[in-house]
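Here is how the chains run, residue by residue.
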Amino acid sequence: MAYPISTDENGVKIKPEQMEKEKLYYCIFKNKILVFYKDDQDILNCYEIEEEDLVEKVRTCSHDDAEKIFEEYIKEKDLKH
């Protein structure tokens, strides 16, 4: 299945009908990370991350490692509280 998030010069295109529930999807657009997921009630959630260090780490990692980088960042910054 094709990745449901794509970008071009006009913006971000999202195909929520192709998204699995509770799975993270992301893209980098204009030096920001946009993180998307569809919750168990089929509501699409979106978060924008501008932290330069995090954007650069995600930009240079493999797609599979991005979620680990997000988890490490949350733990490091103690963002769950």
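Remember, predicted model here, so these are calculated numbers, not experimental data. (Residues numbered from 1 in each chain as written. Predicted model: local features only at pLDDT ≥ 70, side-chain atom pairs only at ≥ 80, totals over all residues. Heavy atoms only, no water.)

Draft legend 1. Looking closely at the nonpolar core. Residues Tyr-26, Ile-33, Val-35, Ile-49, Leu-54, Val-55, Val-58, Ala-66, Ile-69, Phe-70 and Tyr-73 constitute the largest nonpolar core, which totals eleven residues. Elements supplying a minimum of two residues to this core: β4 (32–38), α1 (52–60) and α2 (66–77). When residues of this core are assigned to their parent elements, the largest contribution, four residues, is made by α2. Beyond its immediate chain neighbours, meaning those up to four positions away, Ile-33 contacts Tyr-26, Cys-27, Ile-28, Tyr-47, Glu-48, Ile-49, Leu-54, Val-55, Val-58 and Phe-70. If you look at the next biggest cluster of nonpolar residues, it comprises seven residues, including Ile-5, Met-19, Tyr-25 and Leu-34. (Core = buried A, V, L, I, M, F, W, Y, C linked by side-chain atoms within 4.5 Å. Buried < 20%, exposed > 50% of the residue type's maximum accessible area, 1.4 Å probe, protein only. Helix = DSSP H or I, 4+ residues; strand = E, 2+ residues; numbered from the N terminus. Contact = heavy atoms within 4.5 Å.)

Draft legend 2. Quick peek at unusual backbone geometry. The phi dihedral of Glu-22 falls on the positive side, at around 60°, and the residue is not glycine. By the secondary structure assignment, Glu-22 is in the loop between β2 (11–14) and β3 (25–29). Here Asp-42, not a glycine, exhibits a phi torsion of approximately 65°, which is positive. Take Asp-42: its relative accessible area is 46%, and that puts it in the partly exposed class.

Draft legend 3. Expanded view of the sheet that holds β4. The antiparallel open sheet is built from three strands, whose spatial order is β3-β4-β5. Each of the sheet's edge strands pairs with one partner strand only, and the pair in question is β3 and β5 (44–49). Adjacent strand axes in the sheet meet at a mean angle of 20° when their direction is disregarded. Bridge count for β3 against β4 is five bridges, and the pairing is antiparallel. Counterpart to Cys-27 in the pairing with β4 is Leu-34. (Pairing = 2+ DSSP bridges. Axes fitted to C-alpha atoms, helices over the stretch in contact; angles between N-to-C directions.)

Draft legend 4. Quick peek at α2. Here α2 spans 17 Å end to end across twelve residues, near enough to the 16 Å set by a 1.5 Å rise per residue. When α2 is considered as a whole, its buried residues turn out to be Ala-66, Ile-69, Phe-70 and Tyr-73. Buried residues of α2, seen end-on, are gathered within an arc of 100° and therefore sit on one face of the element. Turned more than 90 degrees off the buried face of α2, the exposed positions are Lys-68, Glu-71, Glu-72 and Lys-75. Where α2 is buried, its residues meet β3, β4, β5 and α1. Of the residues flanking the end of α2, it is Asp-78, one or two places downstream, whose phi is positive at about 55°. (Expected span 1.5 Å × (residues − 1). Arc of directions from axis to C-beta.)

Keep in mind these numbers describe shape, not what the thing actually does.
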